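Reading the structure
If you want the building blocks of each chain, they are given just below.
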Amino acid sequence: MNYTLIELKTLTKKISNKIKVGTVIYLKGELGTGKTTTIKLLIENLCKKYKKKKPLVTSPTFNIVQYYLINKQMVIAHYDLYRLKKSSDINNIGLYDLEDKMVSIIEWPEIIKKKHKNRIEIKLKYTKINNERNISVKYFKSIKR
């Protein structure tokens, strides 16, 4: 389905309501399709829900991971796997170490061979209309639509 930025805000609010500790979100799409914007909106929705100040959300392309404290029980780990060359590099960044104790949001997850069972996959694609994106959302395992 195609979404404008305003419609994306509504979509991310719905997805945010399904996020709990242990949730893993994969974001797929070409450069510039809005992966980081989508993550920013997800994190802002969670901050609003838990009455937390909105953080500055940027893509951790060089750091590979950035953490956001939402409340005492919820930490978000925002991964950007764009620079990783081999799937074995994932073992060095702790992607699986604390997955059940935080929310993991992962840009460029295509390199992951061992897919997380409880996950949400969001795919973003360009459309012919400049300010719209085609977005599909799939829920896996125990995450309900």
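Residues numbered from 1 in each chain as written. Predicted model: local features only at pLDDT ≥ 70, side-chain atom pairs only at ≥ 80, totals over all residues. Heavy atoms only, no water.

With mixed pairing, seven strands are arranged side by side in an open sheet as β1-β7-β6-β2-β5-β4-β3. Single-partner strands in this sheet number two, and they are β1 (2-3) and β3 (65-69). In this sheet, strand β7 (residues 133-139) lies alongside β1 in antiparallel orientation, the contact comprising two bridges. Paired with N2 across the bridge in β7 is N134. (Pairing = 2+ DSSP bridges. Helix = DSSP H or I, 4+ residues; strand = E, 2+ residues; numbered from the N terminus.)

The end-to-end C-alpha distance of helix α2 (residues 35-49), which contains 15 residues, comes to 21 Å, matching closely the 21 Å that a straight helix rising 1.5 Å per residue would cover. Listed in full, the buried residues belonging to α2 are K35, T38, I39, L41, L42, I43, E44, L46 and C47. One or two residues past the end of α2 sits K51, with phi positive at roughly 55°. (Expected span 1.5 Å × (residues − 1). Buried < 20%, exposed > 50% of the residue type's maximum accessible area, 1.4 Å probe, protein only.)

Attention shifts here to the environment of K13. Counting through the fold element by element, K13 comes out in helix α1 (residues 5-16). Remark: the alpha-carbon pair of K13 and L46, spanning 33 residues in sequence, is separated by 8.6 Å.

Time to look at the confidence of the model for the protein chain. Averaged over all residues, the pLDDT of the protein chain is 91; the fraction at 70 or higher stands at 97%. Mean pLDDT in the protein chain bottoms out at β1, which sits at 92, and peaks at strand β2 (residues 24-28), which reaches 97. (pLDDT = per-residue confidence, 0-100.)

On the surface, K9, K13, K48 and K54 cluster together into a patch of positive charge. Positionally, K48 belongs in helix α2. K48 gets classed as exposed once you look at its relative accessible area, which sits at 65%. (Patch = residues over 30% accessible without salt bridge, like charges linked within 9 Å, V, L, I, M, F, W, Y side chains within 5 Å. Areas by Shrake-Rupley, 256 points an atom, 1.4 Å probe, with all protein chains shown as cover. Salt bridge = Lys/Arg side-chain N within 4 Å of Asp/Glu carboxyl O. Lys, Arg positive; Asp, Glu negative; His and termini not counted. Charge placed at Lys NZ, Arg CZ, Asp CG, Glu CD.)

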